[in-house]
Amino acid sequence: MKLDVNALGTFYRMAREGAGLAAGRLTHMLGVETQVGVTKLNFMRGQEIQRDFEDSTEKVGVRVKLTGGIEGYSVVVFDRENALRIVETLLAEADPDSGVDADLGEVDAFDEMTESAATEVGHIMNSGFIDGWADVLETVIDVSTPEFVEGQTAEPFFGDIDEAPADDDLALLFQSRIETVGTEVGFSHYLFPKRESMSKLLERLRTSGGIEYDKLDGFDRMAERGAEEVAKTATTLTGIDTSIDIRRLNFVSLEAIPEQVADEKLVGVAFEFDGMPSGYLLFLFDEESAHEIVDAMVPMEVDEDGFGEMGTSAIKELGNIMASGFLDGWANVLDTTIDHSTPEFIHDIGAAAVDPVIIQLGENQDFAFVFDTVVMADGREFDCEVYAIPDESDLERALNNLDVDRIEEAPTTAEFQEVDNA
């Protein structure tokens, strides 16, 4: 199975179109304004999907089987409290004298009425997504009778779906979120396509030679190895145990990246890298995490409100080590050379922190592969977003030359450039 940026771009447009239709139908059904949240194409392993359900929150979902233009399963998943809140609104709209009130959230189980209402909501959401996909693909997608599911783990939702990936398998999933304006009600959407169905679609949509799917799997594992090296070197530098966890590889439009960045003051470093592949690399921390890093690295008190020369130097030094860990590991596995610039310090609000890179990349490409990464240090969670954004044409050439057997064999030890603190 091969894929390329054009095919993935079509899938992304499908996801956005479907989310827009689903949001519109939810608005019409509930009389409450909605908006589309983040839409992603995720390359996720089975264990990562299971981890999404490990917060001990009771969840409910509605799933349907698809045949025709896409084969597989479409699943809408709500936190139980959010599902009941939507059901409450729906039933009150349908019959203002029904006596339905805000106490639904205290109910221990769905009864026949609330389960039926939740199933209707989930089915309308699924249908919105699916109709959007059919519009983009100019095809027909048939939908089965909706099935109501509830539980606290991934098992009841996906355990009996053959298309769901095994623990260590990499699968391409659609994931979207729609939010009702002014409330916390939202849900996640998953599509599990059959591999044969996805392969046929990719073959029809590709406009280039494409990338073998196992090479992208290798790229994901290659990044994991680079992350392990980053953890080792960061531990050495800060003196505290540090690990880095790559949760998933996302494919998104460049214009969507600023939407994903937290709307708060961020601190980080940016790099341009050159070689095979070339591109940009950003590490972004919230201010609290950045101060914790500085406290660990600088043996004296620094400015609480800002970072000053020493704090800035510490963040740049850590960023330099992290960048070297990522990129030198890639270069060793790809048997190529990747050089990166000296770190550029960032301290800005949300999207403004990434806009300069997005503008430069946008001159030549519309989409990007992005790693969703969390940095853990000494039992504390450092909220660190890592954006590794290769040039798409370079990435395709590099991955086609990738020897997947080298991934476990090639060294990932980084060689660090000296940080210019001028």
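What you see is a predicted model; the values in this text were computed from it and never measured. (Residues numbered from 1 in each chain as written. Predicted model: local features only at pLDDT ≥ 70, side-chain atom pairs only at ≥ 80, totals over all residues. Heavy atoms only, no water.)

So, about the pattern of salt bridges. With the rule as written, the count across this model stands at 7 salt bridges. Close ionic contact of Asp131 with Arg25 constitutes a salt bridge, the shortest N to O distance being 3.0 Å. With Asp131 in helix H4 (residues 112–137) and Arg25 in helix H1 (residues 5–30), the pair connects residues that are 106 residues apart, well separated along the chain. Of the charged contacts in the structure, one is a salt bridge between Arg85 and Glu81, with a shortest N-O distance of 2.9 Å. Residue Arg85 and its partner Glu81 are located together in helix H3 (residues 80–94), separated by 4 residues, close to a single helical turn. Within the structure, one salt-bridge network assembled from shared partners comprises Arg63, Glu147 and Asp160. (Salt bridge = Lys/Arg side-chain N within 4 Å of Asp/Glu carboxyl O. Helix = DSSP H or I, 4+ residues; strand = E, 2+ residues; numbered from the N terminus.)

A few words on unusual backbone geometry. Of note, the bond from Met276 into Pro277 is cis; its omega dihedral lies within 30 degrees of zero at 10°. A positive phi angle is found at Glu138, which is not glycine, with a value near 55°. Residue position: Glu138 is located in the loop between H4 and strand E5 (141–143). Look at Asp335: it is not a glycine, yet its phi comes out positive at around 55°. Among the structural elements, Asp335 can be located in the loop between helix H10 (308–334) and strand E13 (338–340). The exposed category is assigned to Asp335, whose relative accessible area is 64%. (Buried < 20%, exposed > 50% of the residue type's maximum accessible area, 1.4 Å probe, protein only.)

Attention now goes to the packing of helix H9 (residues 287–297) against H10. Contact geometry of H9 with H10 gives a least axis separation of 9 Å together with a crossing angle of 95°. Considered as vectors, H9 and H10 are oriented roughly perpendicular to each other. Of H10, the residues touching H9 (which contributes Ala290, Ile293, Val294 and Met297) are Gly311, Ala314, Ile315, Glu317 and Leu318. Counted by class, the contact of H9 with H10 contains 7 nonpolar, 1 polar and 1 charged residues. (Axes fitted to C-alpha atoms, helices over the stretch in contact; angles between N-to-C directions. Parallel < 35°, antiparallel > 145°, perpendicular 65-115°, else oblique. Contact = heavy atoms within 4.5 Å. Nonpolar A, V, L, I, M, F, W, Y, C, P; charged D, E, K, R; others polar.)

Below, the discussion takes up the confidence of the model for the chain. Averaged over every residue, the pLDDT of the chain is 80; residues scoring 70 or more account for 85%. Considering only residues more than four positions removed or in separate chains, one finds that residues 100–106, a stretch of pLDDT under 50, has 10 contacts. A low-confidence stretch, residues 414–419 (pLDDT under 50), is modelled with 19 contacts involving residues beyond four sequence positions or located in other chains. (pLDDT = per-residue confidence, 0-100.)

This part covers H9. Since the α-helix turns once every 3.6 residues, residues separated by three or four places project in the same direction. Turning to H9, its buried residues are Ser289, Ala290, His291, Ile293, Val294 and Met297. At the N-terminal boundary of H9, the capping side chain belongs to Asp286, with an oxygen 3.1 Å from the backbone nitrogen of Glu288. (Polar contact = N/O pair within 3.5 Å; in protein donor to acceptor, adjacent residues only side chain to side chain.)

Here we take up H4. With 26 residues, H4 should reach 38 Å at 1.5 Å per residue; the first-to-last C-alpha distance of 37 Å fits that figure. The residue sitting at the N-terminus of H4 and contributing the capping side-chain oxygen is Asp111; that oxygen lies 3.1 Å from the backbone nitrogen of Met113. Phi turns positive one or two residues past the end of H4, at Glu138, with a value near 55°. (Expected span 1.5 Å × (residues − 1).)

Another aspect to go through is a negative patch on the surface. A cluster of acidic side chains, namely Asp111, Glu112, Glu115 and Glu150, defines a negative patch on the protein surface. As for its placement among the helices and strands, Glu115 is situated in helix H4. (Patch = residues over 30% accessible without salt bridge, like charges linked within 9 Å, V, L, I, M, F, W, Y side chains within 5 Å. Areas by Shrake-Rupley, 256 points an atom, 1.4 Å probe, with all protein chains shown as cover. Lys, Arg positive; Asp, Glu negative; His and termini not counted. Charge placed at Lys NZ, Arg CZ, Asp CG, Glu CD.)

Glancing now at the packing of aromatic side chains. Taken as a whole and assessed by the stated rule, the structure comprises 14 aromatic pairs. Here the aromatic rings of Phe158 and Phe192 are separated by 4.7 Å at their centres, their planes lie at 55°, and the arrangement is tilted. Linking Phe158 in helix H5 (residues 155–158) with Phe192 in strand E8 (residues 186–193), this pair joins segments that are 34 residues apart in sequence. Take Phe158 and Phe192: they sit in the same class, and that class is buried. A connected cluster of aromatic rings, assembled from ring pairs, spans Phe53, Phe157, Phe158, Tyr190 and Phe192. Lying across the ring of Phe53, Lys59 places its NZ or CZ 5.9 Å from the centre. (Phe/Tyr/Trp six-rings, centres within 6.5 Å; stacked < 30°, edge-to-face > 60°. Lys NZ or Arg CZ within 6 Å of the ring centre and 35° of its normal.)

Right, let's talk about the pairing of strand E4 (residues 72–79) for a bit. Along any regular strand the residues' side chains alternate between the sheet's two faces. Burial runs high along E4: 7 of the 8 residues are buried. Two strands pair when backbone bridges link them, and strand E3 (residues 59–68) and E4 are joined in this way by 8 bridges, in the antiparallel orientation. Within E4, the position partnered with Leu66 by the bridge is Gly72. (Pairing = 2+ DSSP bridges.)

This brings us to the nonpolar core. Counting 115 residues, the largest nonpolar core has Phe11, Phe43, Trp133, Leu281, Phe283 and Trp330 as the members making the most contacts within it. Considering every element that reaches this core, the biggest residue donor is H1, with 13 residues. Not counting chain neighbours up to four residues away, the residues in contact with Trp133 comprise Met14, Ala15, Leu66, Ile70, Ser74, Ile141, Phe174, His189 and Leu191. (Core = buried A, V, L, I, M, F, W, Y, C linked by side-chain atoms within 4.5 Å.)

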